Amino acid sequence: MKIDVRLYATLARFAPSGSSGRTFEVELSEGSTLGDLIHFLQLPIDEVKLHFVNAVHQELDFPLQNGDEVGIFPPIGGG
Amino acid sequence: MWFVRIDMTNRSAAVSEAPAKYKYLAGRAMTSTLVADEVPPLCHPLGPSNKLVFAGGITTGTPAPTSARISVGAKSPLTGGIKEANAGSSWAADLAVMQIQALVVEGQPAEKGKYWGAYITYDGKPKVEFFDATEYTGKVLPEVFPKIYEKFGDKISICSIGTAGEFGYGNSGVVFNDLAKRPTRYSGRGGLGAVMGSKGLKFLVLNRENAPGVHIEDKALFDEGRKKMIDALRTHAITKPKGALNSYGTAVLINIMNEAGGLPTRNFSSGRFEGAPKIAGEAIFETNKERLGKELYNHACSPGCIIQCSNTYHKVDGSEHTSCIEYESDWSLGANCGIDNLDHVAELNALCNAYGLDTIETGVTIGVAMEAGVIPFGDGEAAIKLVHEIGKGTPQGRILGAGTETAGKVYGVKRVPTVKGQAMPAYEPRAVKGIGITYATSTMGADHTAGYTIAPEILGVMGKQDPLSNEGKAALSRAFQATTAFIDSCGHCLFIAFAILDIASGYQGMIDECNGVLGTKWTADDILKYGAEVLKKERAFNEAAGIPKEADRMPEFMLKEPLPPHNQVFDIPESALDSVYGEL
């Protein structure tokens, strides 16, 4: 299945373009979870804090579906 | 401690010992108490009975980190209710080290069109002299500030207003200098610049030479608290050096609010903006890197800040364009207007700073004007022209300068995102329910800082709560509003909350610092009570000013129009909204 992924802030360095927020496609085997995706992308888990699937925050055991949009962030704040 | 009262009716000043009954009051607690005690709730905000009150927080002027905050209070011309607007500046620390607990500007001169400055020095006690400031009016602030430094020397701090305040706009801030002497640090919200302008006051200049410093009752306890606070700020991922705030500034939030479907776009008609990555904090960082040929990390807005989240944005030729593009400004002047050109956003931001405007109110007003068809969504150059009109006081500029609600009425727009007359900030209430409760119920009108439930609802600070759920959100907003009223009084920047809500010793550090300064023995329960008392006073003032609990409501379009991408409406029951203050 194909997943659209966006990595943000300091995690952007793990994206193919190196750019924050630019969508890229990842092919994963059926039944993969959000945690599997993070493992596949080789993101340092202690830098990963917030993960959205189709605009809703989900935990790492969340099962992904073909066509899902995933956004992953390190710890951030502002206001 | 001193009370300095400046009466602009006859340009006289009175310096007296601070009243004993106000002994433990500082920051927002001080300004709101004084406004509640001395300003007639039904007075005209721009008339002689309103008072403009300045107070630093409990730890302001001490070595406590990130504590140079100033509260400015009055009856607001924008909301008609009580207002406290908070900024970080050396001005705050200077007021505190002169041991001025409250600086109160009252009265009104009979003569129109003449403006004055007050120069405050310390010689055994605070001393006030007046100077004619009329020659500095009608000009942009970056032109004026250097002249005041030239006149009084480099060691001063400056508080002022721009043309927005001179014109009496509901959208007008009170501005303070940053550490590079720029006019950029704003107590922006609620039209307090117009209150200062209505009194014929253009400047409050402080010179801290010979000031005695802040008296600390229990130095050992204070130092213990200060260390705990420093440790929390230096270790938390959000506030630590080269962490998110220091690297990308507050505008790092653009992408996450967009990803969460809660970034208000094109006058609150969508929660997603396709241009978000182009204007986000990361884009500011990358653009600076490209234009300067090196990475640029952010700076402190005020002395002693160790979070250092203020950015500068640079032009193609590497020269400075503006400081600081905050998340709120980036969003209001960017996504909310459908503008994805960072150079246009930067210019709009620079103009707000130059004319003395609140960036949130300005961007939301332009969004409403775009909705009305005055200019198209996304047209940055046309938006720049509109802000010039506001700053120069053309007839159309005056309508827009009156604020979002007035502009909405004039242009016949029904999608007007305000509560109690104040424009909503950068979080969409239909996608983040708790912050909507804060907007609806805050004594300040729509105000994210009054109870920042975004921390648990979006950022995973203090646990993680579902932003789309209504469950427990009234209680969450109430607790945040009370805690915030204390933080706004303690002198620290609200951003310490990111660290101390996750790190318990940091929270205790804040309490220890305050107990150290004041010689009190407050517990965590006591500071919540202190915050709740502030809220109760503000609420009572608003009720007496004719703002009933029925004003704690969202605009109708948010109850009826589902917002993409979540396609939800704001569905918090009225009983839940009423419980926020009903059960305080």
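Residues numbered from 1 in each chain as written. Chains lettered and ligands numbered in written order. Predicted model: local features only at pLDDT ≥ 70, side-chain atom pairs only at ≥ 80, totals over all residues. Heavy atoms only, no water.

Moving on, we get to the overall build of chain B. Across its full length, chain B carries 24 helices and 16 strands. In terms of overall dimensions, chain B has C-alpha extents of about 60 × 55 × 50 Å along its principal axes. Residues counted as buried form 66% of the 584 residues belonging to chain B. Put simply, 69% of the contacts in chain B that link residues at least 6 apart link residues at least 24 apart. Surface exposure of chain B reaches about 18600 Å², of which carbon and sulfur atoms provide 51%. Positive and negative side-chain charges of chain B, numbering 58 and 66 respectively, have mean locations separated by a distance of 2 Å. (Helix = DSSP H or I, 4+ residues; strand = E, 2+ residues; numbered from the N terminus. Buried < 20%, exposed > 50% of the residue type's maximum accessible area, 1.4 Å probe, protein only. Contact = heavy atoms within 4.5 Å. Areas by Shrake-Rupley, 256 points an atom, 1.4 Å probe, with all protein chains shown as cover. Lys, Arg positive; Asp, Glu negative; His and termini not counted. Charge placed at Lys NZ, Arg CZ, Asp CG, Glu CD.)

Looking now at the interface of chain B and chain A. In this complex, chain B contributes 30 residues to the contact, which on the side of chain A involves 21 residues. Taking both partners together, chain B and chain A bury about 2000 Å²; carbon and sulfur atoms supply 64% of that area. Counting the contacts that link chain B with chain A gives 2 salt bridges. A salt bridge links A:E69 to B:R272, with the shortest nitrogen-to-oxygen separation between them at 3.9 Å. At the boundary of chain B and chain A, one finds 7 residue pairs in polar contact (both at pLDDT 80 or more). Elements supplying a minimum of two residues to the side of chain B that touches chain A: α7 (244–248), α8 (253–259) and α11 (327–333) of chain B. Of the residues forming the side of chain B that touches chain A, the biggest block, 4 residues, is contributed by α8(B). Class assignment for the residues of the side of chain B that touches chain A results in 18 nonpolar, 7 polar and 5 charged. (Buried area = accessible area lost by both parts, 1.4 Å probe. Salt bridge = Lys/Arg side-chain N within 4 Å of Asp/Glu carboxyl O. Polar contact = N/O pair within 3.5 Å; in protein donor to acceptor, adjacent residues only side chain to side chain. Nonpolar A, V, L, I, M, F, W, Y, C, P; charged D, E, K, R; others polar.)

Attention shifts here to the domain arrangement of chain B. Residues and elements named next belong to chain B. Domains assigned within chain B are domain 1 (2–206) and domain 2 (253–297 + 310–425). Put simply, the middle of domain 1 and the middle of domain 2, counted by C-alpha atoms, are 27 Å apart. With 23 residues of domain 1 at the interface, the matching set in domain 2 holds 30 residues. Of the roughly 2000 Å² buried at the junction of domain 1 and domain 2 (both faces included), carbon and sulfur atoms supply 44%. Taken as a group, Y169, N171 and R189 account for 35% of the area that domain 1 buries against domain 2, more than any other trio of residues on that side. Remark: the boundary between domain 1 and domain 2 carries 4 salt bridges. (Domains from an automatic or database assignment.)

What follows covers the side chain of B:S302. Take B:S302: it is sitting in the loop between α10 (281–292) and β13 (313–314). With near-sequence residues (within four places) excluded, B:S302 lies in contact with B:A68, B:G88, B:S89, B:S90 and B:L179.

Okay, unusual backbone geometry next. Residue and element names in this part refer to chain B. Residues S323 and C324 are joined by a peptide bond in cis, for which omega reads 5°. Between P564 and P565 the backbone carries a cis peptide bond, its omega angle lying at 5°. The backbone of N567 shows a phi angle near 55°, a positive value even though the residue is not glycine. Topologically, N567 is positioned in the loop between α23 (556–560) and α24 (574–582).

Most of helix α17 (residues 433–441) of chain B is tucked away: 9 of the 9 residues are buried. Every buried residue belonging to α17(B) is among B:K433, B:G434, B:I435, B:G436, B:I437, B:T438, B:Y439, B:A440 and B:T441, and all of these are buried.

This part takes up the confidence of the model for chain B. All names here are of chain B. Summing up the model confidence of chain B, the mean pLDDT is 98 and the portion of residues at 70 or higher is 100%. Looking at the elements of chain B, mean pLDDT is at its lowest for α7, recorded as 90, and at its highest for strand β3 (residues 52–56), recorded as 99. With a pTM of 0.98, the predicted complex shows an ipTM of 0.97. (pLDDT = per-residue confidence, 0-100.)

Bringing the pairing of strand β9 (residues 156–160) of chain B into the picture now. Residues and elements named next belong to chain B. With 5 of its 5 residues buried, β9 lies for the most part within the structure. Where β9 and strand β12 (residues 201–207) come together, 5 bridges link them in antiparallel fashion. Each bridged residue has a counterpart across the sheet, and for I156 the counterpart in β12 is N207. (Pairing = 2+ DSSP bridges.)

Residue and element names in this part refer to chain B. As enumerated under the stated definition, the model contains 21 aromatic pairs over all chains in all. Judged by centre distance (6.1 Å) and plane angle (20°), the rings of F131 and F203 are stacked. With F131 in strand β8 (residues 126–132) and F203 in strand β12, this residue pair connects regions lying 72 residues apart in the sequence. Assigned by exposure class, F131 and F203 land together as buried. When the centroid spacing of 5.5 Å and the interplanar angle of 35° are considered together, the rings of F167 and Y169 count as tilted. One aromatic cluster in this structure is built from Y119, F131, Y136, F152 and F203. Sitting above the plane of the Y149 ring, K181 keeps its charged end 5.5 Å from the centroid. (Phe/Tyr/Trp six-rings, centres within 6.5 Å; stacked < 30°, edge-to-face > 60°. Lys NZ or Arg CZ within 6 Å of the ring centre and 35° of its normal.)

Residues and elements named next belong to chain B. Taken together, 6 strands build an open sheet; the order of strands is β8-β7-β12-β9-β10-β11 and the sheet is mixed. Here the strands that pair on one side only, and so sit at the sheet edges, are β8 and β11 (183–187). Each strand of the sheet is rotated relative to its neighbour by a mean of 25°, with strand direction disregarded. Two strands pair when backbone bridges link them, and strand β10 (residues 174–177) and β11 are joined in this way by 4 bridges, in the antiparallel orientation. Within β11, the residue paired with N177 across the bridge is P183. Across the sheet, helix α3 (residues 141–152) is in contact with β7 (116–122), β8, β9, β10, β11 and β12; its angle to β9 comes to roughly 140°. (Axes fitted to C-alpha atoms, helices over the stretch in contact; angles between N-to-C directions.)

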